[in-house]
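# Observations on the model geometry
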Amino acid sequence: MIWVVAGAGLAFGDEVQELKQQMQQLQQMMNQVQQKLSKLEKQDSEKKEELEDVNKRLNKAEMHTATDKLSLGVELRTRADSIHYQDMLSAPPTLYSAFFAAPPYGFNGATLPQIQQGMAQMAANGMIPAPQKSDVNNDIIYTNRFRLNMNAKINDSLTFGGRMAAYKVWGDSTEVKVNGGSLGDVNFDGNTSSLPHGDTIHLERAYFNYKKYFGETPMNFSLGRRPATEGPPLEYRNYGMVGGSPLATIINWQFDGASLSFGLENLTGLPGSEFKICYGVGFEGDWGNSYSMSASQSDVQDVHLLGFIATLFDNDRTSVMLNYAHAWDITDGFTGLTVMPMIVSKGDTNGDGIPEYHFQQNTGGFISRMEPSTNIGDWDAASLLWRTNLTESFGHNIDFFLASSWSHTDPSRVSANPYYEMLGQGLLSSNGDLQSRDGYSIYTGAIFPMPLDARFGLEYNWGSKYWFNFTGAEDSLVGSKLATRGHVFEAYYHQPIFAQTFFLTLGGQYYNYEYTGSGNPLGEPVKISEATSLDTLNAVLDQVWLVYLSATVRF
């Protein structure tokens, strides 16, 4: 019995010893694993640090690539227009001959009192000839408009935007047009890249924008050549919602300046509300102009503009915007180049202290450098724009807009330019009659969905007798429709081929002018049916209709 128990104890002791050996081996294995893990962790840490360093360098390079570089976009539009002028009024040759003949049968070499007295006698005796009417057709005219868009996000607070443009008529690269009385006939700073001017590339926009938050209120400050053309609501007819800042109803004009805006959505609770203060220089008087070096010329002050753009409400469907602008010391022209049909000069050739006026026909088509001679007064304008999408109301993707505008002119003096001076013309005034004027305008339109993702638009605008705005850079071969004193109807059809990357546009316009001088600040507007040949020394448009077809590529 004792032997059996002793044998069992020995067997149990062997098992315990074997188990201890196994545990020691397991511990050694665990120690080895731990050592390997520690080594791997150390290697992993080193690799992690290495990867983080590489990642930092890659992120920096990627950030530079993604944000610091200049992103470029191209737009090319080829367009064909067929333009037809009906009953265009112009002065007959018999009236022009009076300016080229010497007294007593003409005005060439006469003093201002003599000219004014002679015109008054002609009017009293019924000797002023009636204007002649003519129809002028340009059955087909082709243009190319090229734009190079530039954008860069330097960092979260600083961005850059710019656009270079060339606008060319097929078969013409002269840049300079014969002056027919329109601002579009002069090649000057405000319209160089918005109207056809040869094959030269012009700087239309170049500005930076700095963004900073004051609490929850974002502030944006910008300097440079401002994005001031093709603003709301012209985006619909341009088939794109990227335009300039000012409302195109009162300002469509290239200029240099600054803006300061504040996002007010968090303060007011109104979606998209914003207030922007804008400043610009419309004319620099002391750089490159001859009168600044001549004691015989009056000092022409710079033209400054100041205003604000208030977005009162803006969500995904509806927006309301208010734009107000004031311009000090508007000049009687802008520095630019054109071909004048008649050259008018003034000088004291008799030595009696009384200047005489001399007229010479520009038979050689010589280019003239135009310079303003006088500040003629101040200008105010305001426009209220409401636009909305009517999908919720009608179940169709219909866009609608309505803009109501007002302008006010406060003349200060008659132009000192010999041509306008002899007619006594100032800011919307003639015969030296300087009075403040108020003008009004309505602009409305609707855009409808069509098959194949197309869009069909109808627009109408009207301007009163004394309506005046700065929209001389509007893309039009006829003249700014939004400056028209009268009625304009337009219809257009946008057919996308590859969305908005490549699309076709077919459209037509009908202008029915009621008063002379649309878009021109000089001279009192006259009802076209009552215009005399003295009112038509520059051609006066009565009715114009045109059709156009364009193909546009944007990428």
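Our subject in this report is the structure included herewith. (Residues numbered from 1 in each chain as written. Predicted model: local features only at pLDDT ≥ 70, side-chain atom pairs only at ≥ 80, totals over all residues. Heavy atoms only, no water.)

## Notes on the sheet that holds strand E14 (residues 356-361)
Two orientations exist for strands paired in a sheet by backbone hydrogen bonds: parallel and antiparallel. One open sheet holds the 3 strands; their spatial order is E2-E14-E13, and the pairing between them is antiparallel. Looking at the sheet topology across the chains shown, the edges are occupied by strand E2 (110-111) and strand E13 (342-347). Relative to E14, E2 runs antiparallel, the two sharing 2 bridges. In the strand pairing of E14, alanine 110 is matched with tyrosine 357. Against the sheet, helix H2 (residues 93-100) makes contact with E13 and E14, and its axis sits at roughly 130 degrees relative to E14, the strand it touches most. (Pairing = 2+ DSSP bridges. Helix = DSSP H or I, 4+ residues; strand = E, 2+ residues; numbered from the N terminus. Contact = heavy atoms within 4.5 Å. Axes fitted to C-alpha atoms, helices over the stretch in contact; angles between N-to-C directions.)

## Looking at the packing of aromatic side chains
Taken as a whole and judged by the stated rule, the model has 21 aromatic pairs. Aromatic side chains tyrosine 142 and tryptophan 170 sit 4.6 Å apart centroid to centroid with 25 degrees between the ring planes, which places their arrangement in the stacked category. Separated by 28 residues along the polypeptide, tyrosine 142 in strand E3 (residues 132-153) and tryptophan 170 in the loop between strand E4 (158-169) and strand E5 (187-188) bring together distant segments of the chain. Since its relative accessible area comes to 45%, tryptophan 170 is described here as partly exposed. Ring centres of tryptophan 379 and phenylalanine 470 lie 4.8 Å apart, and the angle between their planes is 90 degrees; this geometry places the pair in the edge-to-face category. Remark: phenylalanine 470 occurs in the loop between strand E19 (455-463) and strand E20 (486-498) and tryptophan 379 occurs in strand E16 (residues 375-389); sequence separation between them is 91 residues. Considered together, tryptophan 379 and phenylalanine 470 belong to a single accessibility category, that of buried residues. (Phe/Tyr/Trp six-rings, centres within 6.5 Å; stacked < 30°, edge-to-face > 60°. Buried < 20%, exposed > 50% of the residue type's maximum accessible area, 1.4 Å probe, protein only.)

## What about the pattern of salt bridges?
Evaluated as defined, the whole model comprises 24 salt bridges. Note that aspartate 475 is salt-bridged to arginine 77, the shortest N-O span being 2.9 Å. Separated by 398 residues along the polypeptide, aspartate 475 in the loop between E19 and E20 and arginine 77 in strand E1 (residues 71-90) bring together distant segments of the chain. Overall, aspartate 475 belongs to the buried group, its relative accessible area being 15%. Connected through salt bridges with shared partners, the residues Glu75, Arg77, Arg145, Arg147, Glu230, Asp475 and Arg554 form a single ionic network. (Salt bridge = Lys/Arg side-chain N within 4 Å of Asp/Glu carboxyl O.)

## Regarding the sheet that holds strand E12 (residues 336-338)
Read across the sheet, 3 strands follow the order E5-E12-E15 without closing on themselves; strand pairing throughout is antiparallel. A strand with exactly one partner marks an edge of an open sheet, and here the two such strands are E5 and strand E15 (368-370). Taken together, the 3 bridges between E12 and E15 define a ladder with antiparallel strand orientation. Looking at E15, one finds that threonine 338 is bridged to serine 368.

## A few points about the pairing of E1
Taken residue by residue, a regular strand's side chains alternate between the two faces of the sheet. Most of E1 is tucked away: 14 of the 20 residues are buried. The pairing of E1 with E3 spans 17 bridges and is antiparallel. Looking across to E3, one finds that threonine 78 is bridged to asparagine 144. Pairing of E1 with strand E22 (residues 543-554), which is carried by 12 bridges, proceeds in the antiparallel orientation. Each bridged residue has a counterpart across the sheet, and for serine 82 the counterpart in E22 is valine 547.

## Looking at a nonpolar patch on the surface
Nonpolar side chains collect at one region of the surface, where Phe208, Tyr210, Phe221 and Leu223 lie side by side and expose about 310 Å² of accessible area between them. Locating phenylalanine 221 in the fold gives a position in strand E7 (residues 217-225). With relative accessibility at 31%, the residue phenylalanine 221 sits in the partly exposed group. (Patch = residues over 30% accessible without salt bridge, like charges linked within 9 Å, V, L, I, M, F, W, Y side chains within 5 Å. Areas by Shrake-Rupley, 256 points an atom, 1.4 Å probe, with all protein chains shown as cover.)

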